[in-house]
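Understanding the architecture of this molecule
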Amino acid sequence: MPVWRINGGRHLCGRIDVQGAKNAVLPIMAASLVGGGTTHLDNCPHLLDVDASVEILRYLGCRAVQEGDTIVIDSTGMNRNHIPHGLMMKMRSSVMYMGAILARCGEVRLSTPGGCELGSRPIDLHLKALRALGAEITEEGGEVICRAEKLRGTHINLDFPSVGATENLMLAACAAEGETVITNAAREPEISDLQCFLNRKGADIHGAGTPEISINGFSPISCVEHSVMPDRIAAATYLCAAVSAGGDVMLGQMNPAHLETICTCLKEMGCSIVTGRESIRIRSPERLRAPRPMITKPYPGFPTDAQALLMAACLKAEGTSVFVENIFDSRYRHVDEMRRLGADIRVEGRVAMVTGTAALHGAPVTACDLRGGAALVVAGLGAAGETDVIDCGHIGRGYDDLAGTLTRLGAEVTLIPGEQCMCIAS
Ligand code: UD1
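Every residue gets a number counted from 1 within its own chain, in the order that chain's sequence is written. Thresholds applied to this predicted model are a pLDDT of at least 70 for local features of residues and 80 or more for the giving and counting of side-chain atom pairs; totals over whole chains, interfaces and linings are not thresholded and use all residues. Side-chain numbers come from the whole structure's heavy atoms, not from hydrogens or water.

**Quick notes on the packing of helix 6 (residues 163–173) against helix 7 (residues 189–201)**
Axis definition: a line fitted to C-alpha atoms, limited for helices to the stretch in contact. Angles are taken between N-to-C directions and run from 0 to 180 degrees. Helix and strand assignments follow DSSP, with helices taken as H or I runs no shorter than four residues and strands as E runs no shorter than two, numbered in order from the N terminus. Running from N to C, helix 6 and helix 7 point in directions that differ by 10 degrees, and their axes come no closer than 10 Å. Viewed along their axes, helix 6 and helix 7 adopt a mutual orientation that is roughly parallel. Where helix 6 abuts helix 7, its residues V163, T166, E167, M170 and L171 lie against E190, I191, L194, Q195 and L198. Under this grouping Gly is polar, as are all residues other than the nonpolar Ala, Val, Leu, Ile, Met, Phe, Trp, Tyr, Cys and Pro and the charged Asp, Glu, Lys and Arg. For the contact of helix 6 with helix 7, the class distribution of residues is 6 nonpolar, 2 polar and 2 charged. When describing relative orientation, an angle under 35 degrees is termed roughly parallel and one over 145 degrees roughly antiparallel, while 65 to 115 degrees is termed roughly perpendicular and anything else oblique. Contact criterion: two residues are considered in contact whenever any of their non-hydrogen atoms come within 4.5 Å of each other.

So this is what it looks like as structure tokens:
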């Protein structure tokens, strides 16, 4: 298994540009199927999840080529509407292909993503929404089959503002006759990026970023270009790294408005944060203070994807830092690993309480999921001595050259390659 070896205790200093967003590029790659034609995507990060998505597109009969930060997808030759289990298992976001293939072909067959490292990950909201559009859904031998001779626009109120269900619905609704209105829609910035891409491709979608999104059909445009938005969670990772290790770091090519809740916490901890139009500079203080409780909520609330990262940044903060995880059942798996580094953390149900310790020490730890794994790297940067983060392929799913980026800021991080094992994505 690959190991991230960190020699902690070095301050971070310098400027880096933030990668394109994993959670934006993946639904957009699926969306490239809608209406056919060619898609040029810029600012695509190099990630295992992007590789898995390229594999799916090729399996479906599309041409997909990644060169540098650009991916060109030609979906004209698409000749399959089925994704085999092995490909579905490689990443959770493959469920997004359901809405996209349904819109393109009127029928799709794929295996259910099943449980994963963040607890149970049902897709009931996706299926309920597609049914409301007129799809007939059956399950056979672990596969979901979705068929619709004709999809019809309607009003769909989501029981919970699920990111994936909102995206799947936007994709399928492109092929529906008449208007589809989604209420209680997820408001994450990646939904706005998907709307922007689909509108370039010929859709008529309004409202992304608000709880009400309307989709009014689609007139395909044969060749489109789009630049993927910056990754707010990767940006949060580097901010937390600067806090854990100490230092003065400038992030460029990002959108500070997407990190407001995180920056508020970091300021409460005593950090100096200066935002520009597309940048954030963070300077961490000698002594960190525990911030007010961090309660994860759908956007614009505190993101669940940043919970473990902020926890890593709080391990040495004076006082008690409190976390409440409301989005996923099983998102404290990094806690036991952080304790190995000397962290003092108590978990009761959805609440985790971190009592700041004066010093952390390096130790071997295991990455149990993508963000929890990155959080261990962040914690390792602030621990004295060597930390080995043993990783069965989680971290590379979400970070483009994490070791290289941290090294450019003065950290000592090496990725020691090993055999990849297969994991389901978050
Ligand atoms: C997306 C993000 C992930 C992030 C999450 C929450 C991508 C590729 N992944 O995941 O990084 O952590 O949003 O911000 O964009 N739920 C149901 N039934 C459903 C769908 C979801 O009960 O049909 C529940 C989930 O179990 C979870 C909650 O809703 O408890 C949030 O899930 P959702 O917003 O759908 O997250 P994802 O789209 O899977």
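Once the structure has been displayed, the description carries forward.
**As for the site of the ligand**
Taken together, 19 residues are adjacent to the ligand, and D124, L125, S162, D305 and I327 come closest. A distance of 2.7 Å is found between a nitrogen atom of the ligand and a side-chain nitrogen or oxygen belonging to D124. Computed by Shrake-Rupley with a 1.4 Å probe, the accessible areas treat only the displayed protein chains as cover when residues are assessed. Compared with its free state, where it exposes 740 Å², the ligand has 88% of that area covered by protein. At the level of secondary structure, the elements contributing two or more residues to the shell around the ligand comprise helix 5 (124–132) and helix 6. In terms of residue count, helix 5 provides more of the shell around the ligand than any other element does, 3 residues in total. Classifying every residue of the shell around the ligand gives 7 nonpolar, 7 polar and 5 charged. The nearness test applies per residue and asks whether one of its heavy atoms lies within 4 Å of the molecule or strand. As used in this structure description, the phrase polar contact means that two N or O atoms lie within 3.5 Å; if the pair is within protein, one of them must be able to donate a hydrogen and the other to accept it, and residues adjacent in sequence are counted only when both atoms belong to side chains.

**Overview of the sheet that holds strand 13 (residues 212–218)**
Strand pairing is assigned whenever DSSP detects at least two bridges linking the two strands. The mixed open sheet is built from 4 strands, whose spatial order is 10-11-13-12. Looking at strand neighbours, the two that pair on one side only are strand 10 (155–157) and strand 12 (203–206), the edges of this open sheet. For this sheet, the mean inter-axis angle between neighbouring strands, taken without regard to orientation, is 15 degrees. Across 3 bridges, strand 12 lies against strand 13 in antiparallel orientation. Considered in strand 13, the bridge of H206 is made with S214. Lying on the sheet, helix 7 is in contact with strand 12 and strand 13; it crosses strand 12 at an angle near 150 degrees.

**Regarding the pairing of strand 13**
Judged from the 4 bridges that link them, strand 11 (residues 180–183) and strand 13 form a sheet pairing that is antiparallel. Residue pairing across strands places T183 opposite E212, the latter belonging to strand 13. Between strand 12 and strand 13, which follow one another and run antiparallel, lie 5 residues, and G207 among them has a positive phi close to 100 degrees.

**Some remarks on the layout of surface pockets**
Size it by volume and the largest pocket reaches roughly 910 Å³. Lining residues are those with an atom within 4 Å of a point, where the points come from a 1 Å grid over the protein atoms alone and group into cavities, where a 1.4 Å probe fits but cannot get out, or pockets, open sets with protein on both sides within 12 Å along at least five of seven lines. Along its surface, the largest pocket is lined by 38 residues, and R121, V163, G164, I327 and F328 are the ones closest to its centre. Listing elements by their share of the lining of the largest pocket, those giving two or more residues are helix 1 (22–31), helix 5, helix 6, helix 8 (232–245) and helix 12 (370–381). At 4 residues, helix 1 tops the list of elements feeding residues into the lining of the largest pocket. Grid points are joined across faces, edges and corners, and a volume is the space filled by probe spheres set on the points.

**Section: the pattern of salt bridges**
A carboxyl oxygen of Asp or Glu within 4 Å of a side-chain nitrogen of Lys or Arg is what we treat as a salt bridge. Going through the model one piece at a time under the given rule, you end up with 21 salt bridges. In this structure, D17 and R15 form a salt bridge, with 2.8 Å as the shortest nitrogen-oxygen distance. Of the residues examined, D17 reaches a relative accessible area of 39% and is grouped as partly exposed. Each residue gets one of three labels from its accessible area relative to the maximum for its type: buried under 20%, exposed over 50%, partly exposed in between, using a 1.4 Å probe on protein chains only.

Limitation: the analysis is restricted to geometry and does not speak to function.
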